[in-house]
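Chain residues, written in single-letter form:
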Amino acid sequence: MLGMLAGCALPGFNSGSFDHNHWYSFGSKHSATYQEQLSQQAKVDYDPIELNITPQLIAYLDHKQKKNSLSPQVRKLTGSPSRKNYVVGNGDILQIVVFGHPDLTNPGGESSNNNGGGSRQTGRVDTSGELVNADGDIYFPYVGSLHAAGKTIAQIRKEVTQGLSDYIRDPQVDVRVRQYRSQRVYISGDIDKPCTVPITDINLTIVQALDACDSLASKKGGGTGVQNIRLIRNGHSTLVNLNKLYAQGDDIPLQPGDKLLIDDTANRVFMVGEFDKQKALPYATGGMSLGDAISDIGGVNLQTADASHIYVIRGFVGGRDFKDGGLKTIMHPKIYHLNMSNPSGMLLANQFELKPRDVVFAAPASLVNFNRALSLILPSLNAITQGFYIYDRSGL
């Protein structure tokens, strides 16, 4: 089994940064990562850093997290939207009311607002509405064809009033949007069913749009909430971390045609090694501690695990650069070590906050050294890395 795992290891790993014993080796020049299959010139460097989880480290990470604000790209999108009157578009259905003239308000002669399908009037003015057709026009008695698309309700009301003035003395007209159908926000991605949310006369934000999307209520893996949104606007894509957005008390107003791509596939914590279960845990909206993650999968295996060697691997993908026309991938994982064999270690586990895509590894009791541990989990890291590059190459 160990031989199979070692064969899947990523190439280019130099174990000398942890141990100078060279009785084994990670990878070889014959193995290839996803990006190397695309370019034989690609090179991979690994530069891991090992840190012990201590109260001082946790305090430092907490302080750093509090200072972690929104990116400049996201910050530009936040703020209170400027109040604008709704602009009518093709497909909207308008309701035009002429007070004192029910024959104009409801040209069909029957109210669609009745109980049981009868014709009994309920006292409420209703109409089937005037559809703004594909040319942006509506037709109204005595006014004729009227171009409505691109105009506000006030502008349409004024034109209808002027058109009726030749036939009715001082007409009192009201225009309303009965159905908003011309302007929408599109939501897709990691949800059971894509949905659309209409733009109305009330400003719509990301949070409100997500709340209005019914398909999110049955989202796969449900209950954890949406955390990562990619906002696509006018051909530009911006990744929005909703946890940070909530923490700042901000929201992002949406515009007609905006697309929200939900990407919570990366919001997982990978539990591997000597646990009762090995699985990818969904990352909770409010955050997740190392202790919570271990508890959620039933704890470590007391018969096979070495509780003094719990590792958290973070930031496996560090960046890319180009050298001599070839792709060079630089990996800078930070590896946090925790001794949970004593009560103080358990307390630290409850205080250490995990991040999405963290890999938590419980070492076996027979572990020779940390390099041996890495040889066991590198295949998992390789799979995560390939997923990152596939997603990154999509340009979304």
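Here, every reference points to the structure presented above.
Everything numeric in this text was worked out from a predicted model, so none of it was measured.

K.L.:
Any chance you could break down the overall build of the protein chain for me, citing the residues and the numbers?
P.N.:
Counting its secondary structure elements, the protein chain contains 11 helices and 19 strands. When each of the 396 residues of the protein chain is scored for burial, the buried share is 43%. The long-range fraction of contacts in the protein chain, counting pairs at least 24 apart against all pairs at least 6 apart in sequence, stands at 67%. Put simply, the protein chain shows about 21,300 Å² of open surface, and 50% of that area lies on carbon and sulfur atoms.

K.L.:
Please give an account of the sheet that holds strand S4 (residues 130-131) that cites residues and values.
P.N.:
Here 3 strands make up an open sheet; going across it, the order is S4-S3-S7 and the pairing antiparallel. Whereas interior strands pair on both sides, the edge strands pair on one side only; in this sheet they are S4 and strand S7 (173-179). Summarising the sheet, strand S3 (residues 93-98) and S7 pair through 6 bridges and their orientation is antiparallel. Bridging across to S7, valine 97 finds its partner in aspartate 174.

K.L.:
Which residues make up the side chain of serine 289, and what values do they have?
P.N.:
Among the secondary structure elements, serine 289 is positioned in the loop between strand S14 (279-282) and helix H9 (290-296). In terms of polar contacts, serine 289 uses its side chain to reach the backbone amide nitrogen of aspartate 292, at 3.0 Å.

K.L.:
A description of unusual backbone geometry should follow, citing residues and the corresponding values.
P.N.:
In the Ramachandran plot, aspartate 170 falls in the positive-phi region, its phi being about 45° despite a non-glycine side chain. Inspection of the secondary structure assignment puts aspartate 170 in the loop between helix H6 (153-164) and S7. With phi around 55°, asparagine 234 is a residue other than glycine that occupies positive phi space. Positionally, asparagine 234 belongs in the loop between strand S10 (228-233) and strand S11 (236-241). Judged by its relative accessible area of 68%, asparagine 234 is exposed.

K.L.:
Could you give an account of a negative patch on the surface, naming the residues involved and the relevant values?
P.N.:
On the surface, a cluster of negative charge is made up of Asp62, Asp292, Asp296 and Glu353. Relative to the helices and strands, aspartate 296 is located in helix H9. Judged by relative accessible area, aspartate 296 falls into the partly exposed class, the value being 49%.

K.L.:
Summarise the sheet that holds strand S18 (residues 334-338); cite the residues concerned and give the values.
P.N.:
The strand order across the open sheet formed by 6 strands is S2-S18-S15-S19-S13-S14, and the pairing between neighbours is mixed. Looking at which strands have only one partner, the edges of the open sheet turn out to be strand S2 (49-52) and S14. Going across the sheet, the axis of each strand differs from the next one's by a mean of 25°, ignoring polarity. Relative to S18, strand S15 (residues 305-314) runs antiparallel, the two sharing 5 bridges. From the neighbouring strand, tyrosine 311 faces S18, where its bridge partner is histidine 337.

The rules behind the values
Residues numbered from 1 in each chain as written. Predicted model: local features only at pLDDT ≥ 70, side-chain atom pairs only at ≥ 80, totals over all residues. Heavy atoms only, no water. Helix = DSSP H or I, 4+ residues; strand = E, 2+ residues; numbered from the N terminus. Buried < 20%, exposed > 50% of the residue type's maximum accessible area, 1.4 Å probe, protein only. Contact = heavy atoms within 4.5 Å. Areas by Shrake-Rupley, 256 points an atom, 1.4 Å probe, with all protein chains shown as cover. Pairing = 2+ DSSP bridges. Polar contact = N/O pair within 3.5 Å; in protein donor to acceptor, adjacent residues only side chain to side chain. Patch = residues over 30% accessible without salt bridge, like charges linked within 9 Å, V, L, I, M, F, W, Y side chains within 5 Å. Salt bridge = Lys/Arg side-chain N within 4 Å of Asp/Glu carboxyl O. Lys, Arg positive; Asp, Glu negative; His and termini not counted. Charge placed at Lys NZ, Arg CZ, Asp CG, Glu CD. Axes fitted to C-alpha atoms, helices over the stretch in contact; angles between N-to-C directions.

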